Amino acid sequence: MATLVSPDHVSYDDDAQALKKAIGGWGTDEKAIVSVLGHRTAAQRKQIKQAFWDRYQEDLIKRLESELTGDFEKAVYRWMLDADDRDAVLANVAMRKSLDYHVIVEFSSVYSADELLNVRKAYHARYKKSLEEDLATNASAYRYEGTEINAALAKKEADILHDAVKDSESHGEEFIRIVTTRSKTQLLATFNAYRQLYGNSITKALQTDPADEFKTLLRTAIRGLTEPYKYYEKILRNAIQKRGTDEDALTRVIVTRAEKDLKHIKEEYYKRNSVSLSQAVAKETSGDYKSFLLALLGDEK
């Protein structure tokens with residue numbers, strides 16, 4: 001469930017004028033920006049962008065970029081992009097700036113096949129090359145979404161995964177093929193078969209060598225596939241508890257999940273940490289950036 005709190009009826013022209021006033025004078029009225037954009041759905045934001053263009057012949061996103069700074073600017077910019085375009089930007093930034101393949105694996109494992117296909121299309125449209133070209137891997141192959149289970153295949157592929165855990169250099173491509181193309185239902189059956197055959201979970205088996213980046217990425221993929229709320233909770237917990245908050249990870253999860261399942265992620269966070277996500281965010285962030293994240297969390301004070 002989403003956390004975003006938005007009105008049912010909005011005057012897009014009024015919003016466009018309010019935003020123009022907030023960014024058009026001496027200094028920027030950040031509170032007014034949060035008040036409007038922190039409470040509008042993707043469909044409403046799209047209409048506001050169009051109304052702003054119709055009235056002022058200006059690109060609202062570019063204007064906001066030029067007026068805002070720091071983590072607040074990044075969060076607002078990413079929030080204002082269409083979801084597929086936003087994910088394309090996040091994927092590109094992850095690879096270009098930090099070679100953080102965890103973000104790509106996150107998309108590949110948590111997103112549906114259709115969602116991932118749309119991200120790939122958006123990436124190509126924005127960067128004029130395919131995500132696969134930049135990634136040089138099969139991690140974004142098209143996943144079958146059926147609900148059928150083949151028990152014999154599950155056992156067979158559990159054996160293949162077991163071999164890959166022991167020798168990722170020889171069997172790594174097979175691991176990637178299975179994890180990125182099988183349906184989530186089939187993968188759950190395979191992971192259950194793995195536990196039955198070998199006496200422990202595949203994620204625990206992959207923890208034997210924490211320094212192995214390949215195995216770390218595989219754990220990320222499996223956690224995203226099987227327990228997405230717990231996966232995101234851990235991303236948020238690590239971002240908040242890190243020495244010097246990881247604002248990029250914090251922003252990514254809140255902005256991308258606020259209109260999807262952030263309420264469930266918040267519940268998971270409280271269950272794991274005995275403190276609300278909003279309290280943790282409020283403690284570790286400040287200023288307009290804090291206000292904007294709290295608005296998206298549905299807990300604006």
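Residues numbered from 1 in each chain as written. Predicted model: local features only at pLDDT ≥ 70, side-chain atom pairs only at ≥ 80, totals over all residues. Heavy atoms only, no water.

As recorded in an unreviewed UniProt entry, the protein chain goes by the name Annexin, listed as coming from Linum tenue. The heading Sequence similarities (unreviewed entry) in the UniProt record of the protein chain holds the text "Belongs to the annexin family." (UniProt positions renumbered as here; feature names shortened; annotations may be inferred.)

Looking at this structure, I do not really get the pattern of salt bridges. What am I missing?
Pairing between side chains becomes possible if they bear opposite charge and their charged atoms approach one another. All told, the structure shown has 20 salt bridges when counted by the stated rule. Across the salt bridge formed by Arg177 and Glu157, the nearest N and O atoms sit 3.8 Å from each other. One end of the pair, Arg177, is in helix α11 (residues 168-181); the other, Glu157, is in helix α10 (residues 151-166), with 20 residues separating them in the sequence. Note on Arg177: relative accessible area 29%, which makes it partly exposed. A relative accessible area of 2% means that Glu157 is categorised as buried. Among the ionic pairs, Glu233 bridges to Arg237, the shortest N-O distance being 2.8 Å. In this pair, Glu233 and Arg237 both sit in helix α15 (residues 228-241), four residues apart, roughly one turn of the helix. In this structure, Glu233 and Arg237 share a single accessibility class: buried. Connected through salt bridges with shared partners, the residues Lys20, Glu58, Arg63 and Glu67 form a single ionic network. (Salt bridge = Lys/Arg side-chain N within 4 Å of Asp/Glu carboxyl O. Helix = DSSP H or I, 4+ residues; strand = E, 2+ residues; numbered from the N terminus. Buried < 20%, exposed > 50% of the residue type's maximum accessible area, 1.4 Å probe, protein only.)

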